[in-house]
Amino acid sequence: MLRDALKTTIRTTRISVRWAIHKLRRGDCVVVLGMHRSGTSFLTSVLAGQGFDLGTARDGGSLSKWNAHGHFESWKCVSVNNRILHDSGGSWDYPPTGVHATFATRLRMREALADFGGDRPFAIKDPRFSLTCRLWESLLPSTHFIVCFRHPIAVAESLKRRNGLSREKAVSLWNTYNRSVLELCDEHRSPRSVVYFNYDEIDKAEVAIQAICNRCGVPFRASVLGERYSDALRHHGDSDVVPEEVENTYQELLHRWWAARDVGQGNTRAVESQALE
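Keep in mind that what you see is a predicted model, and the values were worked out from it rather than measured.

*Asks:* I would appreciate a short explanation of unusual backbone geometry in the present structure.
*Replies:* Negative phi characterises most residues that are not glycine, and trans characterises most peptide bonds. Backbone geometry at arginine 37 places phi at a positive 65 degrees, although glycine is not the residue there. Residue position: arginine 37 is located in the loop between β1 (29–33) and α2 (40–50). Overall, arginine 37 belongs to the buried group, its relative accessible area being 11%.

Right, here's the structure in full:
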């Protein structure tokens with residue numbers, strides 16, 4: 001027991017030291033939010049090409065038939081988010097009604113974030129942040145949100161292929177994730193910078209990418225979009241009818257995206273006020 005206590009003390013001290021160094025050196029943080037299969041991996045790969053630090057995910061991370069170029073997410077962040085959802089009585093595909101984190105989990109959150117930043121802006125991505133981000137916020141000052149979204153049917157078809165989920169289940173999940181994201185943006189729109197990215201209109205992505213680069217002081221490279229994008233990354237259309245509450249969520253996302261494009265993703269507070277009218 002004494003040995004275990006000593007190990008815990010040493011680990012806690014090591015993490016605390018790394019966290020203190022991280023806080024002194026870190027630049028702005030971009031949190032990529034959005035439902036699974038909504039272009040978050042593509043968007044984060046573009047941020048990497050622009051010069052944002054991705055920590056241990058800088059090379060794309062694990063590859064799969066579903067993400068041939070990589071997921072571009074920290075395995076530590078994914079592990080912590082899974083733990084948060086599990087301890088809160090849920091999982092990525094059965095979201096809990098609320099989330100909480102134990103002391104041990106909060107320690108692991110700091111350990112995960114200590115891998116990022118250096119003295120330049122960094123980006124963190126995991127679709128589960130759409131459900132857990134409120135618990136991370138106090139650790140993420142100078143934070144910008146990029147909200148990635150895609151038509152719910154396109155996401156449902158992709159999840160059916162990847163995970164075997166029914167369309168009804170996948171569309172319901174889509175709504176839960178995106179309502180959580182919209183509520184997060186509404187709650188914190190004053191101190192937060194929010195950019196919207198519509199994966200179904202990827203040819204218009206330059207506006208969102210350039211906006212986030214400008215806000216973080218990162219030189220924008222238009223050529224990166226062409227280097228990163230492949231038609232093979234998008235497999236499904238956006239046909240068929242969805243439940244009214246889901247359609248309302250999708251229309252709200254579209255409204256905010258359209259409004260932000262009209263002002264070049266510039267005045268986020270004004271954009272979100274327009275979207276809520």
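*Asks:* What is the right way to look at the pattern of salt bridges in this model?
*Replies:* Where charged atoms from two side chains of opposite charge approach closely, those side chains can pair. Considering all chains together, one arrives at 12 salt bridges under this definition. Arginine 134 serves as the salt-bridge partner of glutamate 187, at 3.2 Å between the closest nitrogen and oxygen. Of this pair, glutamate 187 sits in helix α7 (residues 167–187) while arginine 134 sits in helix α5 (residues 129–136), placing them 53 residues apart in sequence. A relative accessible area of 48% places glutamate 187 in the partly exposed class. Note that arginine 256 and aspartate 186 form a salt bridge whose closest N and O atoms lie 2.9 Å from each other. Taken together, the positions of arginine 256 in helix α10 (residues 244–262) and aspartate 186 in helix α7 put the pair 70 residues apart, joining distant regions of the chain. The class for arginine 256 is buried, based on a relative accessible area of 0%. One network of salt bridges, in which partners are shared, links Arg179, Asp186, Glu252 and Arg256.

*Asks:* Where do I start with the sheet that holds strand β3 (residues 143–149) in this structure?
*Replies:* Strand pairing in a sheet takes place through backbone hydrogen bonds and is either antiparallel or parallel in direction. Reading across from one edge, β2-β1-β3-β4 is the order of the four strands in this open sheet, with parallel pairing throughout. Two strands in the sheet have a free side with no partner beyond their single neighbour: β2 (122–125) and β4 (193–198). Averaged over neighbouring strand pairs, the angle between their axes works out to 20 degrees when direction is ignored. As defined by bridge partners, β1 adjoins β2 across four bridges and the pair is classed as parallel. Note that in β2 the partner of cysteine 29 across the bridge is phenylalanine 122. With respect to the sheet, α2 is in contact with β1, β2, β3 and β4, its orientation differing from that of β1 by roughly 160 degrees. Here α7 sits on the sheet in contact with β1, β3 and β4, set at roughly 150 degrees to β3.

*Asks:* Explain the environment of phenylalanine 220 to me, please; I cannot follow it from the model alone.
*Replies:* As for its placement among the helices and strands, phenylalanine 220 is situated in the loop between α8 (205–216) and α9 (223–228). Taking relative accessible area as the criterion, phenylalanine 220 reaches 21% and is therefore assigned partly exposed. Measuring from C-alpha to C-alpha, the distance between phenylalanine 220 and glycine 51 comes to 8.9 Å, with 169 residues separating the pair along the chain. Excluding anything up to four places from it in sequence, phenylalanine 220 contacts Gln50, Glu206, Ile209, Gln210 and Cys213.

*Asks:* Is there a simple way to think about the packing of helix α6 (residues 152–163) against α7 in this case?
*Replies:* The N-to-C vectors of α6 and α7 enclose an angle of 125 degrees; their axes lie 8 Å apart at closest approach. Classified by the angle between their axes, α6 and α7 sit oblique to one another. Handedness of the α6/α7 crossing: right-handed. Here Pro152, Ile153, Val155, Ala156, Glu157 and Leu159 of α6 lie close against α7, whose contacting residues are Arg167, Ala170, Val171 and Trp174. Of the residues that constitute the contact of α6 with α7, the class distribution is eight nonpolar, no polar and two charged.

*Asks:* Looking at this structure, how should I read the nonpolar core?
*Replies:* If you look at soluble globular proteins, the nonpolar side chains tend to sit buried side by side. Val31, Leu33, Met109, Ile124, Trp136 and Phe145 are the most contacted members of the largest nonpolar core, which totals 49 residues. Sort the elements by how many residues they give to this core and α7 lands first, with nine residues. Each residue touching methionine 109, except ones within four places of it in the same chain, is listed here: Val80, Ile84, Ala101, Leu135, Trp136 and Leu139. In terms of nonpolar packing, the next biggest core, distinct from the first, is built from 26 residues, Val30, Ala123, Val195 and Val224 among them.

Rules and cut-offs
Residues numbered from 1 in each chain as written. Predicted model: local features only at pLDDT ≥ 70, side-chain atom pairs only at ≥ 80, totals over all residues. Heavy atoms only, no water. Helix = DSSP H or I, 4+ residues; strand = E, 2+ residues; numbered from the N terminus. Buried < 20%, exposed > 50% of the residue type's maximum accessible area, 1.4 Å probe, protein only. Salt bridge = Lys/Arg side-chain N within 4 Å of Asp/Glu carboxyl O. Pairing = 2+ DSSP bridges. Axes fitted to C-alpha atoms, helices over the stretch in contact; angles between N-to-C directions. Contact = heavy atoms within 4.5 Å. Parallel < 35°, antiparallel > 145°, perpendicular 65-115°, else oblique. Left-handed = near helix turned anticlockwise from the far one by under 90°. Nonpolar A, V, L, I, M, F, W, Y, C, P; charged D, E, K, R; others polar. Core = buried A, V, L, I, M, F, W, Y, C linked by side-chain atoms within 4.5 Å.

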